[in-house]
Amino acid sequence: MIEEVFRIILIFIVLGTPLCGAQECEYSNNERSYVCDKIVHQFPNIYYGNYNLRCTDCEINNFTNQTFIYDNLLNMFNLTKSAVQNIGSKSFEHFKNLRYLYMQNNGLKIIAPEAFKGLTQLYELHLEDNLLSTLEPGFLAGVSSNLVNISRNLLDQLPAKAFTDVAAVLSLDLSRNYLKNLDKDTFDGIKDLEDLDLSWNTLCHLPLGVFKSLSGLKRLNLDENKFSRLQYGVFSGLKNLNFLFLARNSLKDFDSAVLLSIMHLTNLDISGNAIYNFDVNEILLNVPTLRVISFEDNIFSCTLLKNIIQFLKRKRVEIENNISRHNGEYIVEIITLFKYQ
């Protein structure tokens, strides 16, 4: 009798019954995916193959290195809306082949250092729409990915060495958070970054040296923040930057000398500020590589605006206008000036 009970318990564990918190997983041929339902603690021990894995109605509050303990060849792991609040260290060490990891729309609050260590083949890591208020230094240690998306969280500051020991991340999205402060060493350790999105935050100051490690950065988006002025030297280190977006801040007197350290800038967007003093000749002296500029929706006089447009046309610098952002009167003024030049 005792042996029979033991065998039943063993079968439950192997098949992933509620005793170990796991339910059944079914294969969907149309999606080339396994769909696992109502996982709580641990996924069942089955052959997942070179496919995708999606969780439905799961309640995995703590995702640890015991939640999925089997070596696999999965391409995609979708844990969207799975109630994950915490991710422990080395929780994905068995996912050597993973290309896409989706963890958005959870209640995620804590990501331990080395949480994603072992994920060296990622294309995309999605952590948006969670409740992260800070990031533990080293949380991306060992990760290699084209994109890491941490937008729409509750981040209000980023500590020093937040991205230490990153293997390689090309694009980092920190938009639509509540960032007020960055440490000057925040981005140390993420030297391969090419695209950084800090738009829709509340930044009003950038510490000198904050971008010193980002020599490969090509796009920097600082739209929709609270900058009223920019310090000289704040962009030091960005020697390969091509695109700089500063739209919809609170800039008034734009001094292009802040751009001197950017040697390859081609596109500049300073639209939607309150700029009234704008020396376009000085901009081209400081940034001779400039090819496209957007400056609409500021408070230039009509005479100054006309002179700016004429000068840029002579220098063959393209003026880019995002018409949908502006009121009708300003649009008519811009179009009229273009029409008769």
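Note that this is a predicted model, so its numbers are computed, not measured.

### Overview of a nonpolar patch on the surface
Then, in step 1: Taken together, L131, L154 and Y178 make up a surface patch of nonpolar side chains, about 280 Å² in accessible area.
Then, in step 2: Relative to the helices and strands, L154 resides in the loop between β10 (144-149) and β11 (157-158).

### A few points about the packing of aromatic side chains
Then, in step 1: Scanning the model with the defined rule gives 26 aromatic pairs in all.
Then, in step 2: Aromatic side chains F77 and F95 sit 5.1 Å apart centroid to centroid with 15° between the ring planes, which places their arrangement in the stacked category. Taken together, the residues F77 in strand β5 (residues 76-78) and F95 in the loop between β6 (86-87) and β7 (100-102) connect sequence positions 18 residues apart.
Then, in step 3: Classification of F77 as buried rests on a relative accessible area of 0%.
Then, in step 4: Looking at F95, the relative accessible area reads 1%, which means it is buried.
Then, in step 5: A network of ring pairs unites the aromatic residues Y27, Y34, F43, Y48, Y51, F63, F68, Y70, F77, F92, F95 and F116 as a single cluster.
Then, in step 6: The ring of Y123 carries R99 above its face, with NZ or CZ at 5.9 Å from the centroid.
Then, in step 7: Over the face of the ring belonging to W200 we find R176, whose NZ or CZ atom lies 4.2 Å from the ring centre.

### Structural notes on the pairing of strand β9 (residues 122-126)
Then, in step 1: As judged from the three bridges shared by β7 and β9, these two strands associate in the parallel manner. For L101, the partnering residue across the bridge sits in β9 and is L125.
Then, in step 2: The sheet contact formed by β9 and β10 spans four bridges and is parallel. If you follow E124 over to β10, its bridge partner there is L147.

### Description of the confidence of the model for the protein
Then, in step 1: In this model, the protein carries an average pLDDT of 89, and 87% of its residues clear a pLDDT of 70 or more.
Then, in step 2: Note on residues 5-22: pLDDT is under 50 here. Beyond four places in sequence and across chains, it has 21 contacts.
Then, in step 3: In this model residues 323-341 is a low-confidence stretch, pLDDT under 50, and it forms 31 contacts with partners more than four residues away in sequence or in other chains.

### Description of the pattern of salt bridges
Then, in step 1: Considering all chains together, one arrives at 11 salt bridges under this definition.
Then, in step 2: Residue D129 is joined to R152 by a salt bridge in which the shortest nitrogen-to-oxygen separation is 2.9 Å. Here D129 is found in the loop between β9 and β10, whereas its partner R152 is found in the loop between β10 and β11, with 23 residues between them in sequence.
Then, in step 3: Assessed through its relative accessible area of 26%, D129 is described here as partly exposed.
Then, in step 4: The exposure class assigned to R152 is partly exposed, which follows from its relative accessible area of 39%.
Then, in step 5: Here D223 makes a salt bridge to R248, at a shortest N to O gap of 3.5 Å.

### Some details on the sheet that holds strand β8 (residues 110-111)
Then, in step 1: Strand order across the open sheet formed by three strands is β4-β6-β8, with parallel pairing between neighbours. One side of each edge strand has no neighbouring strand; the edge strands of this open sheet are β4 (62-63) and β8.
Then, in step 2: When β6 meets β8, the two strands line up parallel, connected through two bridges. Residue pairing in the sheet places N86 in a bridge with I110 of β8.

### Remarks on the side chain of H126
Then, in step 1: Tracing the sequence through the fold places H126 in strand β9.
Then, in step 2: Residue classification places H126 among the buried positions, given a relative accessible area of 9%.
Then, in step 3: Here the side chain of H126 touches E124 through a polar contact of 2.7 Å, side chain to side chain.
Then, in step 4: Setting aside chain neighbours within four positions, we find H126 in contact with L101, Y102, M103, Q104, L147 and N149.

### A closer look at the environment of L158
Then, in step 1: With respect to the element layout, L158 can be found in strand β11.
Then, in step 2: As for L158 and P137, which are separated by 21 residues in sequence, their C-alpha atoms are 9.2 Å apart.
Then, in step 3: Setting aside residues up to four positions removed in sequence, L158 forms contacts with L135, L174, L179, N181, L182, D183 and T186.

Criteria and cut-off values
Residues numbered from 1 in each chain as written. Predicted model: local features only at pLDDT ≥ 70, side-chain atom pairs only at ≥ 80, totals over all residues. Heavy atoms only, no water. Patch = residues over 30% accessible without salt bridge, like charges linked within 9 Å, V, L, I, M, F, W, Y side chains within 5 Å. Areas by Shrake-Rupley, 256 points an atom, 1.4 Å probe, with all protein chains shown as cover. Salt bridge = Lys/Arg side-chain N within 4 Å of Asp/Glu carboxyl O. Helix = DSSP H or I, 4+ residues; strand = E, 2+ residues; numbered from the N terminus. Phe/Tyr/Trp six-rings, centres within 6.5 Å; stacked < 30°, edge-to-face > 60°. Buried < 20%, exposed > 50% of the residue type's maximum accessible area, 1.4 Å probe, protein only. Lys NZ or Arg CZ within 6 Å of the ring centre and 35° of its normal. Pairing = 2+ DSSP bridges. pLDDT = per-residue confidence, 0-100. Contact = heavy atoms within 4.5 Å. Polar contact = N/O pair within 3.5 Å; in protein donor to acceptor, adjacent residues only side chain to side chain.

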